[in-house]
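These are the residues of each chain, in order.
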Amino acid sequence: MSLEEKFPYKFEMEIPIGSQHHAEVVVNALVVEKEPKKNAVHRTLSAKDGNIYACFRAVSIRSLRGCTVSFLDMAQLSMQAVLEFGDVGAVPRDVVDAAALQLELN
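A brief look at the structure comes next. Treat the numbers as computed from the prediction; the structure is a model and nothing was measured.

In an α-helix, one full turn covers 3.6 residues, which means residues spaced three or four apart are oriented alike. Taking 1.5 Å of rise per residue, the twelve residues of helix α2 (residues 20-31) would be expected to cover 16 Å, and the 16 Å separating its terminal C-alpha atoms lies within 8% of that figure. Considering only its buried residues, α2 is in contact with β2 (41-48), β3 (51-58) and α3 (61-85).

Attention shifts here to α3. With 25 residues, α3 ought to run about 36 Å at 1.5 Å a step, and its terminal C-alpha atoms sit 36 Å apart, in line with that. Here α3 has its buried residues at Ser63, Leu64, Cys67, Thr68, Phe71, Leu72, Ala75, Gln76, Ser78, Met79, Val82 and Leu83.

Right, let's get into the nonpolar core. Inside soluble globular proteins, nonpolar side chains tend to come together where they are buried. Formed by 21 residues in total, the largest nonpolar core has its most connected members in Met13, Ile15, Ile52, Phe56 and Phe71. Listed by contribution, the elements that provide at least two residues to this core are β1 (9-16), α2, β2, β3 and α3. Among the elements that line this core, the one with the most residues is α3, at seven residues. Ignoring anything within four residues of it in the chain, the contact list for Met13 reads Ile52, Tyr53, Ala54, Phe56, Phe71 and Leu72.

Moving on: the side chain of Arg57. Looking at the secondary structure, you find Arg57 in strand β3. Overall, the relative accessible area of 9% leaves Arg57 in the buried class. At a separation of 3.3 Å, a polar atom in the side chain of Arg57 contacts the main-chain carbonyl oxygen of Phe7. Residues within four places of Arg57 in sequence aside, it is in contact with Leu3, Glu4, Phe7, Pro8, Tyr9, Lys10, Ala40, Val41, His42 and Leu64.

Conventions we followed
- Residues numbered from 1 in each chain as written.
- Predicted model: local features only at pLDDT ≥ 70, side-chain atom pairs only at ≥ 80, totals over all residues.
- Heavy atoms only, no water.
- Helix = DSSP H or I, 4+ residues; strand = E, 2+ residues; numbered from the N terminus.
- Expected span 1.5 Å × (residues − 1).
- Contact = heavy atoms within 4.5 Å.
- Buried < 20%, exposed > 50% of the residue type's maximum accessible area, 1.4 Å probe, protein only.
- Core = buried A, V, L, I, M, F, W, Y, C linked by side-chain atoms within 4.5 Å.
- Polar contact = N/O pair within 3.5 Å; in protein donor to acceptor, adjacent residues only side chain to side chain.

Structural data, given as structure tokens:
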């Protein structure tokens with residue numbers, strides 16, 4: 001059974017960070033976060049050209065929603081940590097604010 005058959009629902013996103021180094025820091029912080037339902041969700045994360053690329057595949061829309069909301073929450077926290085403890089301007093403030101707004105809407 002192929003990945004597409006096992007996990008038919010898919011969501012992809014790109015988050016601009018601006019710095020390749022900081023994108024890698026954020027991805028490394030996020031990659032250790034395990035999916036609670038490993039058999040229900042498949043996640044791929046990468047950093048390239050100062051952006052974070054995330055692809056989620058799930059067995060159901062509900063599982064897909066849950067993992068993406070959790071990911072956005074953790075991504076926001078990781079980006080805030082880079083802002084607070086890394087170089088000033090490493091993560092554009094509007095990116096962090098947009099992630100925070102998205103979480104508040106959910």
